[in-house]
Amino acid sequence: MKFGINLAPNVTPEEKSGVQVFAEFLELAELADKLGFDHVKTVEHYFTSYGGYSPDPVTFLAAAAARTERIRLVTGAVLPAFTHPLKLAGKLAMLDNISRGRLEVGFGRAFLPDEFAAFQISMDESRPRFDEGVEACRRLWAEENVVWDGQFYQFGPVTMLPRPFQQPHPPILVATARTPESAEAAGVAGYGVMMVPSINKVEKVQDMLALYRKAYAGAGHQGEGQVHMTYNTYLSEDPEQARTLGKAYAENTHEKLVGAVTSWATTRSEQYRGYEQIAQKAKSSSFEDQIRETKVLVGTPDEVVAQVRQIREWFGEITVSLQPTAGNMPLEESVRTMRLFAEHVLPRFA
């Protein structure tokens, strides 16, 4: 298994300023590089306390690239629906060069109705905009004199500069939260997937993962494909402190998620079948449920080792993205969590 960190800024301006958040996140990226973590990842969201401090993950990862030496840099994820592919492909190729080939590009469809409304883009166009954006970026990286005549964009012939450092292009992952068709399509294309175990039952994730791996193998790709899953994480050597503070930070993040998905209660789209249930499920979920169902990594190092072993038993050899900044966690707590994980958990899965 591989382990990295996901730096999701789930904070309000009253809790932390942008200056403080980015200074802390860059310090954590440097620490992750030194401690031997596989990757550092960040999100693209807008306007709300659920990730809204990160409207452009490329900007943050470029700064992280300058402060690190070997760690992989993952967009988790950029949203093609909100950016022209010429712009998006160019920015990402630039980051791939700045980092000397450490970039992995995660693409997402976006899932918050308020973001689509703000950009004045219909959610019913989500899937075709995503598919067109990903494929246009892939071709711009891998080919020259690209002519594109799509549903939403037309351009060319154009040769993207700079050319990507990694040839023919950086590794591609796609976010698949609840839609089996997304997992299957990623497997056929040979892309990795980023899955969200916190909002699904274990059996649902297993079914989607099996569909993905079957499609990946059936298309002739080698191996099982790359699978990322993200977990809120808090470690302490004191079991009572681990559970008390872990619960507080997890519930803080959970409240922000509930606020961000509230509009799903009144939103329907064929592109997002079943998403109308997210708001209700988010409200009804508790920290005790998350612990019982291993949807968070919280506890002493030995307890977290047992949790990771359970995850491996369920899902196989995957890449786990720890979220050590959940719920406005103070920097010193994030640092302690990462150090304890690196010292006591990483060696058990080397």
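## Things to note about the pairing of strand 3 (residues 72-78)
Most of strand 3 is tucked away, with seven of its seven residues classed as buried. Relative to strand 4 (residues 103-107), strand 3 runs parallel, the two being bridged by five bridges. By the bridge assignment for strand 4, Val78 is matched with Phe107. Taking the sense of rotation as the criterion, the β-α-β connection linking strand 3, helix 3 (residues 85-98) and strand 4 turns out right-handed.

## Some remarks on helix 6 (residues 180-189)
Those residues of helix 6 that sit buried are Ser182, Ala183, Ala186 and Gly187. One side of helix 6 carries all its buried residues, which in axial view fall inside an arc of 135 degrees. Where helix 6 is buried, its residues touch helix 5 (126-142), strand 7 (172-175), strand 8 (192-195) and helix 7 (202-218). Phi turns positive one or two residues past the end of helix 6, at Gly190, with a value near 85 degrees.

## So, the packing of aromatic side chains
On inspection of all chains with the given rule, the structure shows 17 aromatic pairs. Centroid distance Phe116 to Tyr272: 6.3 Å. Interplanar angle 70 degrees. Geometry classified as edge-to-face. Taken together, the residues span a long stretch of sequence, with Phe116 in helix 4 (residues 113-119) and Tyr272 in the loop between helix 8 (239-261) and helix 9 (278-284) at a distance of 156 residues. According to the relative accessible area criterion, Phe116 is buried, its value standing at 1%. Put simply, the rings of Tyr46, Phe47, Phe82, Phe116, Phe119, Trp264, Tyr272 and Tyr275 touch in pairs and so form one group of aromatic residues. The ring centre of Tyr272 lies 4.4 Å from the NZ or CZ of Arg109, which sits over that ring.

## Considering the nonpolar core
Of all hydrophobic cores here, the largest spans 78 residues; its most connected members are Phe3, Phe37, Phe107, Trp141, Met229, Phe315 and Phe341. Contacts of Phe315, omitting those with residues within four sequence positions, involve Val202, Val205, Gln206, Leu209, Arg213, Met229 and Tyr231. Within the second largest apolar cluster, 17 residues are counted, among which are Tyr46, Leu79, Phe116 and Tyr275.

## Concerning helix 3
Over its 14 residues, helix 3 runs 20 Å from end to end, which matches the ideal 20 Å to within 8%, given 1.5 Å per residue. Among the residues of helix 3, Pro85, Leu88, Ala89, Gly90, Leu92, Ala93, Leu95 and Asp96 are the ones counted as buried.

## As for the packing of helix 3 against helix 5
Packing of helix 3 against helix 5 brings their axes to within 9 Å, and their N-to-C directions diverge by 50 degrees. One way to sum up the angle between helix 3 and helix 5 is to call them oblique. Here helix 3 runs over helix 5; the crossing is right-handed. Side by side, helix 3 and helix 5 meet where Pro85, Leu86, Leu88, Ala89, Leu92 and Ala93 of the first sit next to Gly133, Ala136, Cys137, Leu140 and Trp141 of the second.

Conventions we followed
- Residues numbered from 1 in each chain as written.
- Predicted model: local features only at pLDDT ≥ 70, side-chain atom pairs only at ≥ 80, totals over all residues.
- Heavy atoms only, no water.
- Buried < 20%, exposed > 50% of the residue type's maximum accessible area, 1.4 Å probe, protein only.
- Helix = DSSP H or I, 4+ residues; strand = E, 2+ residues; numbered from the N terminus.
- Pairing = 2+ DSSP bridges.
- Right-handed = clockwise from strand over helix to strand, strands pointing away.
- Arc of directions from axis to C-beta.
- Contact = heavy atoms within 4.5 Å.
- Phe/Tyr/Trp six-rings, centres within 6.5 Å; stacked < 30°, edge-to-face > 60°.
- Lys NZ or Arg CZ within 6 Å of the ring centre and 35° of its normal.
- Core = buried A, V, L, I, M, F, W, Y, C linked by side-chain atoms within 4.5 Å.
- Expected span 1.5 Å × (residues − 1).
- Axes fitted to C-alpha atoms, helices over the stretch in contact; angles between N-to-C directions.
- Parallel < 35°, antiparallel > 145°, perpendicular 65-115°, else oblique.
- Left-handed = near helix turned anticlockwise from the far one by under 90°.

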